[in-house]
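Structure at a glance
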Amino acid sequence: MGFDLSFALSTVPTILGAIGTTLLVALISCLGAAGIGFGFEMLRRSGGLSGYAVRFLIDFIRATPVLAWLYFLYFVLPFYGIRLGALTVGILGLSVYFSGYLAEVFKAGIDAIPKGQSEASRAVGLSRIDTIIFIIAPQMLRNIAAPLGNYFVSILKATPYLAVLAVPEMLGQAFDIASDTYRYAEPLTVAGILFLLLALAISQAVKRVETRLLGSNRR
């Protein structure tokens, strides 16, 4: 049984119909991972016991497979009375998992900023929060635009893991078609091509944003 092009094309509308869920999961997970990761990095820099605890937590997250987080949140938490929907578990699991990596990205972006700027902000009386918002964050974003965009693509490519939770994203829809028709090559190929096109589009958008940020930095 060879590859049926007409059947593959017939699966496109169904798989493409799940693109909204895929992009929604990727976008919210990226924002969640960035928020958690930035918080981790700020706590790590605070020093003391909390700083050491966050360092261990970041290493623990990075050393744990993403599927382990998804299974824990979906199958283990209910034993303790915490029940979350599949979509919520998917977004939360991806956010937590990638927060460990983005914490390291934020660390590199902050370390690239001259220390004298933080010292100068303290000298003129800016609080720690104001220094982070108005001095550190804008420069950090210019430094991490490219790696942050790359991790957004990685989060997009990780959304198929949610198929194990029956979240109706693109790969999940492809598997549904395959299980109904017993033809796997066509729907999985279509899903793979759609993921490739999305990843390429996001990569180009990230390059444009990076170019604009670098251009504004030279002015």
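Residues numbered from 1 in each chain as written. Predicted model: local features only at pLDDT ≥ 70, side-chain atom pairs only at ≥ 80, totals over all residues. Heavy atoms only, no water.

How we decide: UniProt positions are given in the numbering used here, feature names are shortened, and annotations may be inferred rather than shown by experiment.
Naming follows an unreviewed UniProt entry, where the chain appears as Amino acid ABC transporter permease of Mesorhizobium zhangyense. Under the UniProt heading Sequence similarities (unreviewed entry), the entry covering the chain gives this text: "Belongs to the binding-protein-dependent transport system permease family. HisMQ subfamily."

1. Topic: the UniProt feature "transmembrane region" (unreviewed entry) in the chain
For clarity, the threshold we go by: Think of it this way: any DSSP run of H or I at least four residues long counts as a helix, any run of E at least two long counts as a strand, and we number them from the N terminus.
Within this numbering scheme, the UniProt entry marks residues 15-40, 52-74, 80-98, 148-168 and 188-206 as carrying the feature "transmembrane region" (unreviewed entry). Regarding residues 15-40, the helix share stands at 92% and the strand share at 0%, and the terminal C-alpha atoms are separated by 36 Å. In residues 148-168, the share of helix is 52% and the share of strand is 0%. The end C-alpha atoms are 26 Å apart.

2. Topic: the packing of helix α2 (residues 19-45) against helix α7 (residues 128-158)
To keep it simple, the criterion reads: Only the stretch in contact is used when a helix axis is fitted, and all axes are lines through C-alpha atoms; the angle between N-to-C directions ranges over 0 to 180 degrees. Throughout this description, any angle smaller than 35 degrees is read as roughly parallel, any larger than 145 degrees as roughly antiparallel, any in the 65 to 115 degree range as roughly perpendicular, and the remainder as oblique. Crossing chirality is assigned from the near helix's rotation relative to the far helix, an anticlockwise turn below a right angle marking it left-handed and a clockwise turn marking it right-handed. For this analysis, residues touch if any pair of their heavy atoms sits within 4.5 Å. Three categories are distinguished: nonpolar for Ala, Val, Leu, Ile, Met, Phe, Trp, Tyr, Cys and Pro, charged for Asp, Glu, Lys and Arg, and polar for the others, with Gly belonging to the last.
α7 packs onto α2 with a crossing angle of 140° between their chain directions and a minimal axis gap of 11 Å. Compared by their axis directions, α2 and α7 come out oblique. Taken as a pair, α2 and α7 cross one another with a handedness that is right-handed. Facing α2, whose interface residues are Thr22, Leu23, Ala26, Leu27, Ser29, Cys30, Ala33, Phe38 and Met42, α7 presents Arg128, Ile132, Met140, Phe152, Ile155 and Leu156. Grouping the constituent residues of the contact of α2 with α7 by class yields 12 nonpolar, 2 polar and 1 charged.

3. Thoughts on the pattern of salt bridges
In plain terms, the rule: Every case where a carboxyl oxygen of Asp or Glu lies within 4 Å of a side-chain nitrogen of Lys or Arg is listed as a salt bridge. Relative accessibility thresholds used throughout: buried, under 20% of the residue-type maximum; exposed, over 50%; partly exposed, between the two (1.4 Å probe, protein chains only).
Using the criterion set out here, one finds 7 salt bridges in the structure. Close ionic contact of Glu104 with Arg44 constitutes a salt bridge, the shortest N to O distance being 2.9 Å. Of this pair, Glu104 sits in helix α5 (residues 86-111) while Arg44 sits in helix α2, and the two are 60 residues apart along the sequence. Residue class for Arg44 comes out buried when judged on its relative accessible area of 9%. Salt bridges here are not isolated pairs; linked through shared partners, they connect Glu41, Arg44, Arg45, Arg62, Glu104, Lys107 and Asp111.

4. Structural notes on the nonpolar core
Rules: Within this scheme, the nonpolar core is defined by two criteria: the residues are buried Ala, Val, Leu, Ile, Met, Phe, Trp, Tyr or Cys, and they are joined through side-chain atoms within 4.5 Å.
Within the largest apolar cluster, 57 residues are counted, with the highest numbers of intra-cluster contacts made by Ile15, Leu94, Phe98 and Met170. When contributions to this core are tallied by element, the ones reaching two or more residues are α1 (5-16), α2, α3 (48-62), α4 (66-76), α5, α7, α8 (170-181) and α9 (185-218). The element that contributes the greatest number of residues to this core is α5, accounting for 13 residues.

5. What to know about the UniProt feature "domain: ABC transmembrane type-1" (unreviewed entry) in the chain
Listed under "domain: ABC transmembrane type-1" (unreviewed entry) in the UniProt record, and renumbered for this structure, are residues 19-206. In this annotation, residues 19-206 is assigned 81% helix and 0% strand; the end-to-end C-alpha distance for the span is 19 Å.

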